[in-house]
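# Working through the structure, step by step
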Amino acid sequence: MNDKLYKALLFIAAMVMPVVCGGVVYALATDAYAAFEHFGFLKFLTSSEWSYTEGAEQYGALPFITGTLMTTALALLFCIPFSLPVALFVGEYFKGTRIAAILSTVTDLLAGIPSIIYGLWGFYTLRPLIMALNISPQGSGVLTASLVLAIMIVPYAASLSAEFIKMVPNELKEGAYSLGATHAEVIRKVVFPVAGSGIFSSYILAIGRALGETMTVTMLIGNTNNIPESITSTGNSMASIIANQFGEADDLRLSSLIAIGLVLFLITALINMIGKIMIKRARIA
Amino acid sequence: MTCALAAMLASCGGGASKENGREPQELSGAGATFPLPFYNVVFEKFGQVNSDFVAYGGIGSGGGVRNLRDKIVDFAASDAFLSDKEMAEIKNPVIHVPTCMGAVVLAYNLEGVEKLNLSGDVIADIFAGEIKMWNDARLAALNPDVTLPAEAIIPVFRSDGSGTTFVFTDYLTKVSPMWKEKFGAGKSVNFPSGQAAKGNPGVAGIIAQTKNSIGYVGSEYAFAQKIPYARIANQRGELVEPTAASISAAASGEIPTDTRCSITNSDAEGAYPISTFTWIVIYKEQCYSDRSKEQAQATLDLLHYILSDEAQGITSEVHYAPLPAKAKELSKQNLKQVTYEGVAVLQ
Amino acid sequence: MNKTNTQHRLAKDRLMLWGVCLFATLTAVPLFAILGEVLLRGYDQLSWSFFTEPTPTAYKVMKAIEAGQSIPGGIANGIVGTVLMLSMASLVAIPAGILCGAFLAENSKNRFAQIVSYLTDLLQGTPSVIIGIVTYIWVVVPMRGYSAIAGSVALFVMMLPLIIRSTEETLKILPASLKEAGLALGGNRARVMLKVQLPAAFGGIFTGVLLAISRVIGETAPLMFTALGCSFIRWSIDKPISAVPLLIWEFFNDPNLQELIWGASLFLLLFVLTLNLLSKYLAKKWNQ
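Residues numbered from 1 in each chain as written. Chains lettered and ligands numbered in written order. Predicted model: local features only at pLDDT ≥ 70, side-chain atom pairs only at ≥ 80, totals over all residues.

## What about the overall build of chain C?
Stated precisely, the cut-off is as follows: Helical segments are the DSSP runs of H or I of at least four residues, strand segments are the runs of E of at least two, and each set is numbered from the N terminus. The globule rule used for comparison is 2.2 Å times the number of residues to the exponent 0.38, while the radius of gyration itself is calculated over C-alpha atoms. For every residue, the other C-beta atoms within 10 Å of its own C-beta are counted; 20 or more classify it as buried, 12 or fewer as exposed, and values in between as partly exposed. C-beta atoms are placed from the backbone. Residues are scored as being in contact if the C-beta atoms we place from backbone atoms lie within 7 Å.
Each helix and strand counted, chain C has 12 helices and zero strands in total. Along chain C, from the amino end to the carboxyl end, the secondary structure elements read α-α-α-α-α-α-α-α-α-α-α-α. Against the globule reference of 19 Å for 288 residues, chain C gives a C-alpha radius of gyration of 24 Å, more extended than a compact globule. With respect to the three principal axes, the spread of C-alpha positions in chain C is 75 × 75 × 35 Å. A total of 288 residues make up chain C; the buried ones form 54% of that total. Long-range contacts, defined as pairs at least 24 residues apart, comprise 73% of the intrachain contacts of chain C with a sequence gap of at least 6.

Okay, here's the thing in structure tokens:
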């Protein structure tokens, strides 16, 4: 094979990426257009009515945007107290030891479990617990979905944070130790400030994962089309309303679901882009 | 054109033809989960007659009708007949063939409560979120012999578009002006509170798993899961259980020629008020996509088999009710209008 | 005064250590809880017929339940679908991903390569449910029907960025001297890539492929809108087809089929975790 042919082949393979991504955006945008045109872009995003009564169809994405934001925010909140200790355990306290390797294997495996199995576990184990504790009568809801979502994003936040914690130069830490600081103080005064932006960006990427998680949320959130009144209420996320209704919707409803898909795509793309840029900066610094 | 070609190919490919003069076909249909167990048996038995094969996907009535409109199935199954608007949207004329009758039951999960009586307006208020507690005075009045708990009611409903939802809300619309005004009837309705699940079995599953819940499901799903269900007061004020007899009683009235009719809230004696026909819907002109004439014939053979006494006899075994004679008669007449490239398929 | 202060600080230090250990250990709990539950409830559902028979019809299940028998059938239709769609997806995604990864590794400074690299990240972060919608629009609508092909396209789109990334990263960490030596010996770039670089990077690329497969094999949402599901075994690529995760979703929605749910989950979970551990082990071995 000569060099020219080789280069052309690689180039063609690389062209797959722009073609696929362009195709994604094009497909979503053209099919979402009808909904945006019919309701108006802003109105679609801010209307909380999702009603399929024949002749008076009204589709608004607000309940699902709210549902997504609530589950994601709660999942993040529940994830921090676990992912941060894991990151410190692996990246600082027991850096390079066998036990750290075991723990990071465990978190890697957590990341590997399919989301439908997380959903099953949430439904058959966590949901009865929520009902037994009288937290919510029906067991399903935003809270239940968020708890399982939190477990799912711990590995993403933890492994990346650990990487940044590992990279904190030893000289800095030793300087603090020689001044008599305890390990806890070194972590607070040296490790966190130095690795902070990296840790922060790893949480941004974890948010990116939580936003689009579908099956777990569909199985646990209760699937009602209203804005959740509280964290124990049932609702729907952007991903779960698509999972629930895409198979049977047509016309305006189909277009509205695709429009929700487009919005979700844009939000996750934005979040991921911010995360990646921050990580690049943190790595250079 | 493609159809003609396909038909030619099919006829050329002949060989050992069976008694009714056609090759075994693979038919595909999709739709309602409500009559699924009935269809499972009937399709299997039909397959034994001529080695035809019927693939059926229980994806909900809403999905079935969409698939028919997209012309990717031979038939759709739905517990809700197509509305005039849907008929207009689907463009080509369709024929409704009722296949059996069934009941939508109000299944509940209440510790220690084995008998529960309900009336239409109370059901409407429960699902509208107006009656919130099990020990509500109106529920207590209907159930003088039962101690109902002081717990919140959890309504369970469908997350997917469903003929069962249509039948249920169609009933509520007839018995409750409040329901008619606020929610109306449809395959999907915005229930204000509670929890949703996918398909009839999904709803049954959630009810079985959730204390103090109540939901509407096709009767056989409550039977199979051994979930108790309520007796419901009909228009005459009789408290009726869903049985083959009480469902049949609901269909004793007039049936229009195209069989599209709702039999909820029947005023007949002993009628179970949330009864329904369930339909298979096909195109009147069977030449579409790349279907062969033999496929069209097989589709009609299937429908005739379902209308036969043999198939209707199976209904009670799976907790459905057989069709009244009039519905069968009308359907056989309607099937004569089915054409392939404009020529009647049945001579 | 000073002494109590020091004690206080040391106590805080210890508290922090114990807190970190406690919460880090707690994180491992869900893995074992999930594994344990699926194992305990699923192991006695596994049998030979579980892997050779398709899912039973609703009618057969109801009759079995009424008669108090265990329900018949298995998940063979799902296994067939998963194998079929995954093979088709891999067949395209692996070569395309490796070539694209090679392009990125060779031209990292090039502007076009940077765009491709950014798009790879974008696609990798895209929620799988959106891949499902898009594949529906691309394939299901024009083909007028759900099919195994549509399912494989969805899986292909999800595998692609994973394979590109692992190939690129593995090629980049190869010593530059390897490539230079190859070129010095008179090989052209294609030969050096094919005969020197790719073989040297084989371990890393192979692990990447294993991880990509383990990542997409449990995907459910995109297959719901593309492969749809099918209750019997079939190998046709232009018809609806089932998959193991799709079956789990069906079982989840049907209480009558609950007896099958844990066996199917156990099978899927063990498969995914084994692939994960295997790739980790191989990565370690090849790195040495």
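Picking up after the structure, the text goes on.
## A word on the overall build of chain B
A tally of helices and strands in chain B yields 14 helices and 13 strands. Projected onto its principal axes, the C-alpha positions of chain B cover 70 × 35 × 35 Å. The 347 residues of chain B split such that 56% are buried. Considering only intrachain contacts with a sequence separation of at least 6, the fraction spanning at least 24 residues in chain B is 74%.

## A word on the nonpolar core
Spelled out, the test is: What makes a nonpolar core is a set of buried Ala, Val, Leu, Ile, Met, Phe, Trp, Tyr and Cys residues, with links drawn between C-beta atoms within 7 Å.
Counting residues in hydrophobic clusters, the biggest one holds 296 residues, and the most contacted among them are I153 of chain A, L106 of chain B together with M159 of chain C. Per element, the largest residue contribution to this core is 18 residues, and it comes from helix α6 (residues 142–166) of chain A. Among all residues touching L106 of chain B, those that are not within four sequence positions of it are L118, I123, I214, Y216, Y229, A230 and I232 of chain B.

## A few points about the interface of chain C and chain B
Put simply, the rule is: Gly counts as polar in this scheme, as do all residues outside two lists: the nonpolar Ala, Val, Leu, Ile, Met, Phe, Trp, Tyr, Cys and Pro, and the charged Asp, Glu, Lys and Arg.
Contact residues are listed per partner, giving 13 residues for chain C and 20 residues for chain B. A per-class count over the side of chain C that touches chain B returns six nonpolar, five polar and two charged.

## Topic: the pairing of strand β8 (residues 213–218) of chain B
Residues and elements named next belong to chain B. The condition is simple: Here a strand pair is declared whenever DSSP counts at least two bridges between the two strands.
With respect to burial, β8 is a largely interior element, six of its six residues being buried. Where strand β6 (residues 154–158) lies against β8, three bridges are found, and the strand directions are parallel. Paired with V156 across the strands is G215, a residue of β8.

## Concerning the sheet that holds strand β1 (residues 26–31) of chain B
Residues and elements named next belong to chain B. Let me state the cut-off plainly: Lines fitted to C-alpha atoms define the axes, with helix axes restricted to the stretch in contact, and inter-axis angles between N-to-C directions lie between 0 and 180 degrees.
Strand order in the open sheet made by the eight strands is β2-β1-β3-β11-β4-β8-β6-β7, with mixed pairing throughout. Looking at which strands have only one partner, the edges of the open sheet turn out to be β2 (53–57) and β7 (195–197). The average undirected angle you get between the axes of adjacent strands in this sheet is 25°. Across three bridges, β1 lies against strand β3 (residues 75–78) in parallel orientation. In the sheet register, G29 faces β3, and the bridge partner there is F75. Of the strands in this sheet, β3, β4 (94–109), β6, β8 and β11 (275–283) touch helix α7 (residues 163–175), which is tilted by about 110° from β8.

## Some thoughts on the interface of chain A and chain C
Listed as interface residues are 65 residues of chain A and, on the opposing side, 63 residues of chain C. For the side of chain A that touches chain C, the element with the highest residue contribution is helix α1 (residues 3–39) of chain A, accounting for 17 residues. Of the residues in the side of chain A that touches chain C, the class split is 46 nonpolar, 15 polar and four charged.

## With respect to the packing of helix α4 (residues 98–112) of chain A against α6 of chain A
Residues and elements named next belong to chain A. Rule in force here: For this classification, under 35 degrees means roughly parallel, over 145 means roughly antiparallel, 65 to 115 means roughly perpendicular, and everything else is oblique. In a left-handed crossing the near helix is turned counterclockwise from the far helix by less than a right angle, and in a right-handed crossing that turn is clockwise.
Interhelical geometry of α4 versus α6 gives an angle of 130° and a closest axis separation of 8 Å. On the basis of the axis angle, α4 is oblique to α6. Handedness of the crossing formed by α4 with α6: left-handed. Between α4 and α6, the contacting residues are S104, T107, D108, L110 and A111 on the first element and I151, V154, P155, Y156, A158 and S159 on the second.

## Considering the sheet that holds strand β5 (residues 117–118) of chain B
Residue and element names in this part refer to chain B. Ordered in space as β5-β9-β10, the three strands form an open sheet in which the pairing is mixed. Of all the strands in the sheet, just β5 and β10 (239–240) have a single pairing partner and so form its edges. One ladder, built from two bridges, connects strand β9 (residues 231–233) with β10; its direction is antiparallel. When the sheet's bridge partners are listed, A233 is paired in β10 with L239.

## So, the environment of P18 of chain A
Among the secondary structure elements, P18 of chain A is positioned in helix α1. P18 of chain A sits in the partly exposed class, given 13 other C-beta atoms within 10 Å. Spatially, the C-alpha atoms of P18 of chain A and Y124 of chain A are 42 Å apart, while their sequence positions differ by 106 residues. In this view, P18 of chain A contacts V116 and L119 of chain C; residues no more than four positions away in its chain are not counted.

## Quick look at the confidence of the model for chain C
The criterion, for reference: What pLDDT reports is the predictor's confidence in each residue, on a scale of 0 through 100.
Looking at chain C, pLDDT values average 92 and 99% of them are 70 or higher. Listed scores for the predicted complex are pTM 0.93 and ipTM 0.95.

## Section: the environment of E238 of chain B
Residues and elements named next belong to chain B. As for its position among the elements, E238 is in the loop between β9 and β10. E238 sits 166 residues away from I72 along the chain, and the two C-alpha atoms are 45 Å apart. In contact with E238, other than residues within four places in its own chain, are A233 and G270.

## Describing helix α12 (residues 293–307) of chain B
All names here are of chain B. Test applied: Take the number of residues in a helix, subtract one, and multiply by 1.5 Å to get its expected span.
The end-to-end C-alpha distance of α12 is 21 Å, a good match for the 21 Å that 15 residues give at a rise of 1.5 Å each. In terms of residue burial, α12 counts as a mostly covered element, since 12 of its 15 residues are buried. Within the sequence span of α12, burial applies to K293, E294, Q295, A296, Q297, A298, T299, D301, L302, L303, I306 and L307.

## Overview of the packing of α4 of chain A against helix α12 (residues 258–287) of chain C
Following both chains from N to C, one finds α4 of chain A and α12 of chain C inclined at 135°, their axes separated by 10 Å at the closest point. Relative to α12 of chain C, the element α4 of chain A is oriented oblique. In this structure, α4 of chain A crosses over α12 of chain C, and the sense of that crossing is right-handed. Every residue of α12 of chain C that contacts α4 of chain A at T105, D108, L109 and G112 of chain A is listed here: V272, L273, N276 and K280 of chain C. The residue makeup of the contact of α4 of chain A with α12 of chain C, split by class, is three nonpolar, three polar and two charged.

## A word on unusual backbone geometry
At N134 of chain A, a position not held by glycine, the phi torsion is positive, near 60°. Mapping N134 of chain A onto the fold places it in the loop between α5 (115–132) and α6. A tally of 7 C-beta atoms within 10 Å means that N134 of chain A is categorised as exposed. Notably, K71 of chain B is not glycine yet its phi reads approximately 60°, a positive angle. A tally of 16 C-beta atoms within 10 Å means that K71 of chain B is categorised as partly exposed.

## Here we look at the pairing of β1 of chain B
Sheet topology places β1 of chain B next to β2 of chain B; five bridges connect them, and they run parallel. By the bridge assignment, A30 of chain B is partnered in β2 of chain B with G57 of chain B.

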